[in-house]
Amino acid sequence: MALPEFFTAMRSNFLKMTNRRLMTRFLLLLVMTILGAQAAYTIKCVLQYRAERKDLLDAADRQITRGFHLGTEALQAVDALKASHLPPCSVRDLALMRNLVFNSAHIRDAGRVEDGMILCSVGAGKLDPPVAVAPVDAVVNNFQLWVSTWPFTSTNHKGFVLQSQDVWVALNQELLEDVSDSADRYTASYLHDRRRMLPSSGPLPPLSIDEIVASQFLIRNGFMYQPLCVTRSAICATAAERIATFSARSQPELRLWTVIGGLIGVSATCGLYLLDSRRRTLEAQLRRAIQRDSFTLVYQPIVDLETEAVTGAETLVRWVNEAGDAVPPDTFIALAENKGIVGQITRLVIRGVIREMGAQLATGALHITINITSQDLLDPTFLPELNRLIDNAQIPRFTIGLELTERSTADHALVAEAIARLKEAGYDLYIDDFGTGYSSLAYLHTLSVDVIKIDRSFTQTVGTEAVTASVVPQILSMARQLGLLVVVEGIETREQAIYFRDSTAGIWGQGWLYSKPLIAADFHKLLQTAKSLAKL
Ligand SMILES: Nc1nc2c(ncn2[C@@H]2O[C@@H]3COP(=O)(O)O[C@H]4[C@@H](O)[C@H](n5cnc6c(=O)[nH]c(N)nc65)O[C@@H]4COP(=O)(O)O[C@H]3[C@H]2O)c(=O)[nH]1
């Protein structure tokens, strides 16, 4: 694939991945916003519904309390008149009754009755002839009750009258009615004799007597009903509200809560993204990758430039992060070095090489290099562990080359000692990316290395006028003088290959001209088809 096509493909893959991620994030945000709004709406509905029930219960309770006060006053008046023992409808009796009516807040009239005939009342005085009593509406607790008729006078007053023995009192019904407000929301009260409800104020709800006595909240005919009865008296009340009115009243608050819920959903999602991005920082992911050994290895063949026979391969580590993106080794190896955890990756790579290449390495016919860092070099446990792993797999140590970047050799004295120990143990030592570091040429002879790998940046200068190109012959001549093998990195063109092949005998190289890094299976296939493996 040509370079522009390669970049176009990379860009389009990147855009696809980014778009997919953005779309997922957008969908999650949308879902969380809707869920937040829905949850807030539902919660507010429940709260409002509960508040409404409590409100209705309070209204019914207030109504009952009023009725109770009214009833108590009436009973006290009846008792007082019964206990007076005055001759019925006498001047003193009428004066007593008048006094009671004038001093009472709720009693509107009072009088005496005998054998179904009204003898007198405060309003009408002594009746001559007496007036017949209208049929009684109900008898509750030995009281005769008239609920919505005014049985003792010829007027059209509506009232609530109770009679006990020869005394009757009429109550001011408006006092109860002022509790009711509208047809959409009202309270009504009744007396009951366990068989029927006798309305004393407001409309009778469409509830059975059992439902009212049970004081159950009920929804019926588009209304919410909260009946309430007090057991010690026969008084009941029901507070009611039309559901449509309640809903309309609740709407502004519900809308507000829905918006707040949606905003909470948005904030929660943003919080989640933040947590997620923290969790997914490269370092955290890298540590998890080390724990799970989520790395893969590829092998880039190294060839003898003269014969073009495969002499071995360099092991390169690969890592795909949790978002599915391939992270360049330059990036995560540098991060691992920075965090002091690169040694764990090196060990995983060594184990991986043994697992994938062990059988062939054990024959001694293959040479594989592994990249190590100065941290590995200076770690006292590194060499013993390397020895143990390699020896246990019965791999000859000379088949393993350890590549050390030139940067790692900066702390010269310590590094020189460590390199010497590795060399003594039987491994081949490579100086990687040679030429990119500083003062390398000057002290190269003091390091007991076997191979120098000329950095890709020098390879690219072949055939150009670049200043660095002039250093290449110098490096090659120095390597010759020190008897070091040279591996040229990043050979991409035939011209580069020929340049190096003709410059020095026995020079090796690697690069895309020969092969890109291969997974183990492909590298094995390549080895089978390759004519011969040059010996080190
Ligand atoms: N443009 C071009 N590139 C070519 C060509 N031939 C090979 N390459 C690339 O050049 C790099 C050679 O590895 P390096 O110099 O050791 O440089 C390596 C090495 O320093 C480090 N690295 C890779 N694997 C490991 C490892 O297992 N351990 C350690 N410590 N470092 C590693 O990461 C660096 C980069 O590795 P990669 O990205 O795999 O990049 C590799 C390889 O894919 C070519 O013809 N053209």
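Looking at an unreviewed UniProt entry, one finds the protein chain named cyclic-guanylate-specific phosphodiesterase and attributed to Granulicella rosea. In its Subcellular location (unreviewed entry) section, UniProt records this for the protein chain: "Cell membrane". The record in UniProt for the protein chain states the following under Catalytic activity (unreviewed entry): "3',3'-c-di-GMP + H2O = 5'-phosphoguanylyl(3'->5')guanosine + H(+)".

J.: So what's going on with the packing of helix H14 (residues 471–482) against helix H15 (residues 494–503)? Residues and values would help.
T.: Where H14 meets H15, the closest approach of the two axes is 11 Å, and the angle between their N-to-C directions is 40°. Overall, the two elements H14 and H15 adopt an arrangement that is oblique. The two elements H14 and H15 meet at a crossing, and its hand is right-handed. In contact with Val472, Pro473, Leu476 and Arg480 of H14, H15 contributes Tyr499, Phe500 and Ser503. Along the lines of polarity and charge, the residues of the contact of H14 with H15 split into 5 nonpolar, 1 polar and 1 charged.

J.: Requested: an account of the nonpolar core, with residues and values cited.
T.: Grouped together as the largest cluster of nonpolar side chains are 72 residues, with contacts concentrated most on Phe295 and Phe523. Ignoring sequence-local partners within four residues, the contact set of Phe295 consists of Leu286, Ala289, Ile290, Val317, Arg318, Trp319, Phe332, Ile345 and Leu348.

J.: Go over unusual backbone geometry with me, naming the residues and quoting the values.
T.: Omega for the peptide link from Asp128 to Pro129 comes to 5°, which places this bond in the cis form. When you line up the elements, Pro129 lands in strand E3 (residues 125–132). At His85, a position not held by glycine, the phi torsion is positive, near 55°. As for its placement among the helices and strands, His85 is situated in the loop between helix H1 (3–83) and helix H2 (91–103). What makes His85 exposed here is its relative accessible area of 70%. Of note in this structure, Asp433 is not a glycine but carries a positive phi near 50°. Residue Asp433 is classed as buried on the basis of its relative accessible area of 16%.

J.: Could you give me a rundown of the side chain of Asp304, with the residues and numbers involved?
T.: Residue position: Asp304 is located in strand E13 (residues 295–304). Beyond its immediate stretch of four places on either side in the chain, Asp304 contacts Ala309, Thr311, Ile507 and Trp508.

J.: So what about the pairing of strand E20 (residues 485–488)? Which residues, and what values?
T.: Looking down a regular strand, the side chains alternate between one sheet face and the other. Here E20 shows two buried faces, one formed by Leu485 and Val487 and the other by Val486 and Val488. Here strand E19 (residues 451–454) pairs with E20 via 4 bridges, running parallel. Bridged to Lys453 within E20 is Val487. Alignment of E20 against strand E21 (residues 508–509), held across 2 bridges, turns out to be parallel. Directly across from Val488, in E21, lies its bridge partner Gly509.

J.: Please give an account of the packing of aromatic side chains that cites residues and values.
T.: Counted under the stated rule, the structure contains 8 aromatic pairs. Ring geometry for Tyr186 against Phe223: centres 6.2 Å apart, planes inclined by 55°, an arrangement best described as tilted. Taken together, the residues span a long stretch of sequence, with Tyr186 in strand E8 (residues 185–192) and Phe223 in strand E11 (residues 223–229) at a distance of 37 residues. The exposure class assigned to Tyr186 is buried, which follows from its relative accessible area of 9%.

J.: Account for the pairing of strand E5 (residues 143–146), with residues named and values stated.
T.: Where strand E4 (residues 138–140) lies against E5, 3 bridges are found, and the strand directions are antiparallel. Following the sheet pairing, Val140 is matched in E5 by Phe143. Between E4 and E5, which pair antiparallel one after the other, the connecting turn spans 2 residues, and Asn141 there sits at a positive phi close to 50°. Bridge count for E5 against strand E6 (residues 160–164) is 3 bridges, and the pairing is antiparallel.

J.: Run through the state of the cysteines, naming residues and quoting values.
T.: For the structure on display, the rule yields 2 disulfides. One disulfide bridge connects Cys89 with Cys120, the sulfur atoms lying 1.9 Å from each other. Around the S-S axis, the bridge from Cys89 to Cys120 shows a dihedral of about -85° and counts as left-handed. Separated by 31 residues along the polypeptide, Cys89 in the loop between H1 and H2 and Cys120 in strand E2 (residues 117–121) bring together distant segments of the chain. When the cysteines of the protein chain that form disulfides are numbered from the N-terminus onward, they connect as 1-2, 3-4.

J.: Got a sec to walk through the sheet that holds E6? Specific residues and values, please.
T.: Pairing within the open sheet is antiparallel, and its 7 strands lie in the order E3-E2-E1-E7-E6-E5-E4. This sheet does not close on itself; its edge strands, each paired only once, are E3 and E4. Going from strand to strand, the sheet's axes swing by 25° on average, the running direction of each strand aside. Pairing between E2 and E3: 4 bridges, direction antiparallel. Bridging across to E3, Met117 finds its partner in Ala132. Across the face of the sheet, H2 comes into contact with strand E1 (107–114), E2 and E3 while running at roughly 150° to E1.

Reading the values: the criteria
- Residues numbered from 1 in each chain as written.
- Predicted model: local features only at pLDDT ≥ 70, side-chain atom pairs only at ≥ 80, totals over all residues.
- Heavy atoms only, no water.
- UniProt positions renumbered as here; feature names shortened; annotations may be inferred.
- Axes fitted to C-alpha atoms, helices over the stretch in contact; angles between N-to-C directions.
- Helix = DSSP H or I, 4+ residues; strand = E, 2+ residues; numbered from the N terminus.
- Parallel < 35°, antiparallel > 145°, perpendicular 65-115°, else oblique.
- Left-handed = near helix turned anticlockwise from the far one by under 90°.
- Contact = heavy atoms within 4.5 Å.
- Nonpolar A, V, L, I, M, F, W, Y, C, P; charged D, E, K, R; others polar.
- Core = buried A, V, L, I, M, F, W, Y, C linked by side-chain atoms within 4.5 Å.
- Buried < 20%, exposed > 50% of the residue type's maximum accessible area, 1.4 Å probe, protein only.
- Pairing = 2+ DSSP bridges.
- Phe/Tyr/Trp six-rings, centres within 6.5 Å; stacked < 30°, edge-to-face > 60°.
- Disulfide = S-S within 2.5 Å.

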